[in-house]
Every structure is written in C-alpha cells, then in structure tokens.
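# Tertiary structure, described
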Amino acid sequence: MIVEELVPPDHKVRAIWDLAGRLDLSRYLAQIRSQQGSAGCSAWDPRLLLRVWVYALSEQVSSAREIERMMAYEPGLMWLAGLGEVNHHSLSDFRATHAEALAELFANVLGILSQEGWVKLELVAHDGTKIRTQGGADQFRRKKTLEERIALAKKMVQELDQQPEGEVAPNARRMAAQARAARELLERMEEAAKELEKIQAAKDSAREREQARVCLTEPEARIMHQGDHALAPCYNVPVSTDAGHSIIVGMHLTQCSSDSGSLPQAMKEVESAAKQPAQSVVVDG
C-alpha cells in the first residue's frame, strides 16, 4: 500500500501535519530521555502524537483506545502514522502529561486564527452540555449514611493493616489487594464528605442542609436537569464558540448547571485563550 495515496492532496490531515510542523514543540521534546544509539526504549515523536490527537479530536474521537482501534482502517490516521499503530497507553500518557502545554498550544492556534481573521469575537455563542456520570441517582447519600460508610472503611483498613510484618501468608497477595481497595474506598468516602460540605454551604435553610446528598461514586457530580426534563447526576461543559466560523474559543468543566451561572468563568476562558475579550455574547436562560 502506498501511504501517500491514502488521502487526497486537499485532505485536512495534511493541513494538521503542516501546522504542527510550524509550531514550537520544544517543551514536549525536552522531556524525552532516550537518545539514538544509546540503551533504552525508543519514544514516540511528540509531534506525531500531537498530530494524531488533533486529527482525532477534529473527527470527534476523544478516546485513546478508540484511536488505537481506528489506526487499523481510518485513512487519515494511517497516513499520519505511516501505517504504524500507536498504542492507547502512549496516547493517553501524552495527553495527561502535557495537559498544560496542550492548553497553551491550542491558545496559540487560536492566536494564529485570530491573526488570519478567522476568529474576531464579534459575537460569541455560549451554551452548556450536560454530561451524565457513570453512577446513577441511587448512589447519592446523606451525611449520616456517609459517616457510617467512612467509619466502616476505617475499620476495614485498620483490620487489614494489622497483618504482622514479615509474615508470609498463603493469601498474602489477596489480602494486599483488599487492603489497597479498602484505602481507596476510604479516600473516596472522605472526598465525598468534603464535597457534601460544599453542597451544604450552598443551601439556605437548616432543613435543606440536612437533606443534602452527595454521590458516593463521583462526589464532584451534581444533580442537574436534562434536556428531557429528567434529573440526573451530571457535570456541565459550557462551550463558547465564535459565531463567525463556528470555532470553539473557550470550554471548561463546572458543577454549575445553568449556562448564565457559568458565563463569568466562560468569558475568562475566552479571554485567556484568545488573548482578547468577546465583544458581544449570546446565551440562553
């Protein structure tokens, strides 16, 4: 198979390749410790990983595992990787390790689009998307139940930690796994307790504070109205878009369910990314 024939000359993946080649990626390259001709595992070129992520996101694919799977048949990804396959661990680690640098990079891209007249911020449209959690509404508990769960988790950790040091039991590996799971459970319950305090602080009356509940599996989630008027544990992702060419100029994650309530933070995100404030904004609610 001839790689160059996988995509036509005007395919957007070629533009992404050229754009990444013009950007300063020294921050990514500086963290590579392996060198040609010396011992150690070879590293994926950060420029390739960046191009893969940008192209995948332009295709509305945000899962590292899905990108790895698509590299076996998707022409754009096959062209980028030269028919090679980047494993999902490398893709995921790159995105997690360089989160701050990637945010700065996308801001630089917005700056380039602004210089070329594609982003003017004359009119910015702001809207939020509710993202449901993995856990359902049945995972929410009040303070009394949460305190009981924390006490039980602490007891489990103490009992499992009482295993004498140096003693090799036949089921030592299983007990170590149980101890690790108990500590993780305790950490999650303590995190839920902190989030419950925030929820209670936002309530007006003593009765509302008493009735306040928090999600045990995802403590940072909040009950929000869905488009079908249902109530479910969610996060809100407000997105700000330059109306001229439908280019996203700001996005953040919030526990605030209303678009108007998230507007001040959204405008800060837009100004930080685009290096200029929006001239006018349209928002519902």
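Position numbers for residues start from 1 in each chain and track the written sequence from start to end. Whole-chain, interface and lining totals are the exception, using all residues; otherwise, since this is a predicted model, local features are given only for residues with pLDDT of at least 70 and side-chain atom pairs are given and counted only at 80 or more. Values reported for side chains reflect all heavy atoms of the structure, with hydrogen atoms and water molecules removed beforehand.

### Side note on the overall build of the protein
Secondary structure elements are taken from DSSP: a helix is a run of H or I of four residues or more, a strand is a run of E of two residues or more, and numbering for both begins at the N terminus. In terms of regular secondary structure, the protein is built from 11 helices and seven strands. Radius of gyration: C-alpha atoms only; globule rule: 2.2 Å multiplied by the number of residues to the exponent 0.38. Taken over the C-alpha trace, the protein has a radius of gyration of 24 Å; the compact-globule value for 285 residues is 19 Å, which it surpasses by more than 25%. With the principal axes as the frame, the protein shows a C-alpha extent of 65 × 55 × 35 Å. Throughout, exposure labels follow a simple rule: accessible area from a 1.4 Å probe, protein chains only, divided by the maximum for the residue type, with under 20% read as buried, over 50% as exposed, and the rest as partly exposed. For the protein, the proportion of its 285 residues judged to be buried stands at 33%. By the convention used here, residues are in contact when the closest approach between their heavy atoms is within 4.5 Å. Once local pairs closer than 6 in sequence are excluded, the contacts in the protein between residues at least 24 apart make up 65%. To measure how exposed things are, a 1.4 Å probe is used in the Shrake-Rupley method; for residues, cover is taken only from the protein chains shown. Carbon together with sulfur atoms contributes 50% to the accessible area of the protein, which is approximately 18,000 Å² in total. The charged-residue count follows a simple rule in which Lys and Arg add positive charge and Asp and Glu add negative charge, with His and chain termini not counted at all. Taken as the charge location is NZ of Lys, CZ of Arg, CG of Asp or CD of Glu. With 34 positive and 41 negative side-chain charges, the protein shows a spacing of 6 Å between the two charge centroids.

### Considerations on the pattern of salt bridges
For this document, the term salt bridge refers to a Lys or Arg side-chain nitrogen within 4 Å of an Asp or Glu carboxyl oxygen. This structure, assessed with the given rule, holds six salt bridges. One salt bridge connects Arg69 with Glu66, and the closest N-O pair in it is separated by 2.5 Å. Taken together, the residues span about one helical turn, with Arg69 and Glu66 both in helix H4 (residues 64-70) at a distance of three residues. Here Arg69 falls in the partly exposed class, since its relative accessible area comes to 47%. Of the charged contacts, one joins Glu195 and Arg222 as a salt bridge, the two residues approaching to 2.7 Å between their closest N and O atoms. On the criterion of sequence distance, the pair formed by Glu195 in helix H9 (residues 172-201) and Arg222 in strand S4 (residues 222-225) is long-range, its members being 27 residues apart.

### Concerning helix H3 (residues 46-58)
The terminal C-alpha atoms of H3 lie 18 Å apart, and with 13 residues this matches the ideal 18 Å at 1.5 Å per residue to within 8%. Where H3 is concerned, the buried positions are Pro46, Leu48, Leu49, Leu50, Arg51, Val52, Trp53, Tyr55 and Ala56. Taking the backbone nitrogen of Arg47 as reference, a side-chain oxygen 2.9 Å away marks Asp45 as the first, capping residue of H3. Of the residues trailing H3, Gln60 is marked for its positive phi of about 65 degrees. A helix's residues, less one, multiplied by 1.5 Å, set its expected span. The term polar contact refers here to a pair of N or O atoms within 3.5 Å; inside protein, the definition further demands a hydrogen-donor-capable atom paired with an acceptor-capable atom, and it admits residues adjacent in sequence only when both atoms are side-chain atoms.

### A few points about helix H11 (residues 263-274)
If you check H11, its first and last C-alpha atoms are 16 Å apart, about what 12 residues at 1.5 Å a residue would give, namely 16 Å. Taken residue by residue, H11 has Ala266, Val270, Ala273 and Ala274 as its buried positions. In a view along the axis of H11, the buried residues occupy a sector of 80 degrees, so they form one face of it. Turned more than 90 degrees off the buried face of H11, the exposed positions are Pro264 and Lys268. Of the surrounding secondary structure, the elements contacted by the buried residues of H11 are helix H7 (99-115), strand S1 (124-132), strand S5 (231-242) and strand S6 (247-251). At the exit of H11 stands Lys275, carrying a positive phi of roughly 65 degrees. This arc describes the spread of directions from the helix axis toward the C-beta atoms.

### What to know about the pairing of S4
Here S4 shows a clear split, with Arg222 and Met224 buried on one side and none of Ile223 and His225 buried on the other. The pairing criterion for strands is at least two bridges between them, as found by DSSP. Where S4 and S5 come together, four bridges link them in antiparallel fashion. Counted as the bridge partner of Met224 is Ala232 from S5. As consecutive antiparallel partners, S4 and S5 are separated by five residues, and within that stretch His229 has a phi angle of approximately 75 degrees, a positive value.

### Comments concerning the environment of Ala278
In this fold, Ala278 is placed in the loop between H11 and strand S7 (281-283). Taking relative accessible area as the criterion, Ala278 reaches 22% and is therefore assigned partly exposed. Residues Ala278 and Asp10 lie 268 residues apart in sequence; the distance between their C-alpha atoms is 32 Å. Contacts of Ala278, omitting those with residues within four sequence positions, involve Leu121, Val124 and Met267.

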